[in-house]
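Residue-level listing of the chains:
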Amino acid sequence: MQLVLITALGVGGATVFGSAIGFAFKKLSHRFSDIILSFAAGVMLAAAMLGLIIPSLEYGGKYGILITVAGIFAGAVCLNGIDKLVPHLHKMAGSDIEPHQNRDLSRVLLFVMAIAIHNLPEGIAAGVGFGSGDTSQALLIAGGIALQNIPEGMVIIAPMLAAGVKPSKTFIIAAATGLVEVVGTFIGYFAVSVSAAILPFALSFAGGTMLYVISDEMIPETHAHGCERGATYALLVGFCIMLISDVLLG
């Protein structure tokens, strides 16, 4: 339990750390933003596959493939439903926001809401990993999520500052998005701990939510500004770093 607590704080704290870096780089270029978000997408993709979906197949037994596929689609459909029910922007970097306009402030707040919404399943994914009892895989998932939270925290700062939000309030809002992941981590951990029978489905469900975010938001955003080649290689770098980490931890 102590390790889960430390990990939850680390995963959420990575967003805060990224936000602190964001204050040092208040104006991120499209190219830089696309590259770091693509790197994060690669990390998340590897974490979803290696730490969630493949273990789901292994824990599922005879019907593992059916459970895993059902869980992936359930996770994607659930997040898609949240997207439709809760109004927010599908804009990861918010880089087209012009400063000092009330309309832009509303757009920034919607953008922040989008980050918070998608941080919850990421936290749940980290918690589910620990609930499986496989510490090395759980740390791989948590490490991957923390790695992608750093650039995410960086890109959330510039749009808020450009819209006229005070630096102190900007930092508090960014930290709050990280707190959502802490809550999600405990939700995932306790859900699986209560009933080990739901572990295969819970793993693939969490993986499905991560795949949805990668495909629906992160990759389209990183390919929208003419930096597709660099973004593609950054994704591969992030994926391979997680792949190497998995081998070393194994």
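Remember, it's a predicted structure, so these values are computed and weren't measured experimentally.

Caption draft 1: Quick peek at the overall build of the chain. When helices and strands are tallied, the chain shows eight helices and zero strands. Along the chain direction, N to C, the helices and strands of the chain fall in the order α-α-α-α-α-α-α-α. Burial analysis of the chain (250 residues in total) assigns 49% to the buried set. Excluding contacts between residues fewer than 6 apart, the proportion of contacts in the chain whose partners are at least 24 apart in sequence is 85%. Of the roughly 11100 Å² of accessible surface on the chain, 72% is carried by carbon and sulfur atoms.

Caption draft 2: Structural detail: the nonpolar core. Membership of the largest hydrophobic core comes to 31 residues, with the highest contact counts inside it found for Leu52, Ala125, Val128, Ile145, Met210, Met218 and Met242. Those elements that provide at least two residues to this core are helix 2 (30-59), helix 3 (64-85), helix 4 (102-131), helix 5 (135-162), helix 7 (199-222) and helix 8 (228-249). Ile115, Ile157, Leu161 and Ala174 belong to the second-largest nonpolar core, a separate cluster that totals eight residues.

Caption draft 3: Focus on the packing of aromatic side chains. Taken as a whole and assessed by the stated rule, the structure comprises four aromatic pairs. Seen from their ring centres, Phe201 and Phe205 are 6.1 Å apart, and the 35 degrees between their planes marks the pair as tilted. Taken together, the positions of Phe201 and Phe205, both in helix 7 and four residues apart, correspond to about one turn of that helix. Accessibility expressed as a relative area gives 24% for Phe205, which makes it partly exposed. Here the aromatic residues Phe186, Tyr189 and Phe190 are joined through ring pairs into a cluster of three or more.

Caption draft 4: Fine view of helix 2. Helix length check: helix 2 (30 residues) gives 42 Å between terminal C-alpha atoms against 44 Å at 1.5 Å per residue, within 8%. Of all the bends in helix 2, the greatest measures close to 30 degrees and is centred on Met49. Where helix 2 ends, the next residue or the one after it, Gly61, has phi of about 70 degrees, a positive value.

Caption draft 5: Quick look at helix 1 (residues 2-24). Relative to the 33 Å expected for 23 residues at 1.5 Å per residue, helix 1 spans 33 Å between its end C-alpha atoms, a close match to the ideal helical length. If you look at helix 1, its biggest bend is around 25 degrees, right at Gly13. Burial in helix 1 covers these residues: Val4, Thr7, Ala8, Val11, Gly12, Ala14, Thr15, Gly18, Ser19 and Gly22.

Caption draft 6: Quick look at the packing of helix 2 against helix 3. For the pair helix 2 and helix 3, interaxial distance at closest approach is 7 Å and the crossing angle is 145 degrees. Where helix 2 crosses over helix 3, the two elements pack in a sense that is right-handed. Every residue of helix 3 that contacts helix 2 at Ile53, Ser56 and Leu57 is listed here: Gly64, Ile65, Thr68 and Ile72. When grouped by side-chain class, the residues that make up the contact of helix 2 with helix 3 number four nonpolar, three polar and no charged.

Caption draft 7: Looking closely at a nonpolar patch on the surface. On the surface, a nonpolar cluster with roughly 620 Å² of combined accessible area is contributed by Leu57, Tyr63, Ile65, Leu66, Val69 and Phe73. A total of four residues in the nonpolar patch trace back to one element, the largest contributor, which is helix 3. Structurally, Ile65 can be placed in helix 3.

Caption draft 8: Seen up close, the packing of helix 2 against helix 7. The N-to-C vectors of helix 2 and helix 7 enclose an angle of 160 degrees; their axes lie 8 Å apart at closest approach. Considering the angle they form, helix 2 stands roughly antiparallel to helix 7. The hand of the helix 2/helix 7 crossing is left-handed. Looking at the contact of helix 2 with helix 7 residue by residue, the class counts come to 19 nonpolar, six polar and two charged.

Caption draft 9: Layout of the confidence of the model for the chain. Across the chain, the average pLDDT comes to 79, with 83% of residues at or above 70. Within the chain, helix 8 carries the highest mean pLDDT (89), whereas helix 4 carries the lowest (69). Note that pLDDT drops below 50 for residues 91-102; the model gives that stretch 33 contacts with residues more than four away or on any other chain.

Caption draft 10: Quick peek at the side chain of Asn149. Mapped onto the secondary structure, Asn149 falls in helix 5. Polar contacts involving the side chain of Asn149 include one to the main-chain carbonyl oxygen of Val11, which spans 3.0 Å. Side chain to side chain, Asn149 and Glu181 meet in a polar contact 2.4 Å long. If we ignore the near neighbours within four places in the chain, the residues touching Asn149 are Val11, Ala14, Thr15, Asn119, Glu122 and Glu181.

Reading the values: the criteria
- Residues numbered from 1 in each chain as written.
- Predicted model: local features only at pLDDT ≥ 70, side-chain atom pairs only at ≥ 80, totals over all residues.
- Heavy atoms only, no water.
- Helix = DSSP H or I, 4+ residues; strand = E, 2+ residues; numbered from the N terminus.
- Buried < 20%, exposed > 50% of the residue type's maximum accessible area, 1.4 Å probe, protein only.
- Contact = heavy atoms within 4.5 Å.
- Areas by Shrake-Rupley, 256 points an atom, 1.4 Å probe, with all protein chains shown as cover.
- Core = buried A, V, L, I, M, F, W, Y, C linked by side-chain atoms within 4.5 Å.
- Phe/Tyr/Trp six-rings, centres within 6.5 Å; stacked < 30°, edge-to-face > 60°.
- Expected span 1.5 Å × (residues − 1).
- Bend = angle between axes of the 7 residues up to and from the residue.
- Axes fitted to C-alpha atoms, helices over the stretch in contact; angles between N-to-C directions.
- Left-handed = near helix turned anticlockwise from the far one by under 90°.
- Nonpolar A, V, L, I, M, F, W, Y, C, P; charged D, E, K, R; others polar.
- Patch = residues over 30% accessible without salt bridge, like charges linked within 9 Å, V, L, I, M, F, W, Y side chains within 5 Å.
- Salt bridge = Lys/Arg side-chain N within 4 Å of Asp/Glu carboxyl O.
- Parallel < 35°, antiparallel > 145°, perpendicular 65-115°, else oblique.
- pLDDT = per-residue confidence, 0-100.
- Polar contact = N/O pair within 3.5 Å; in protein donor to acceptor, adjacent residues only side chain to side chain.

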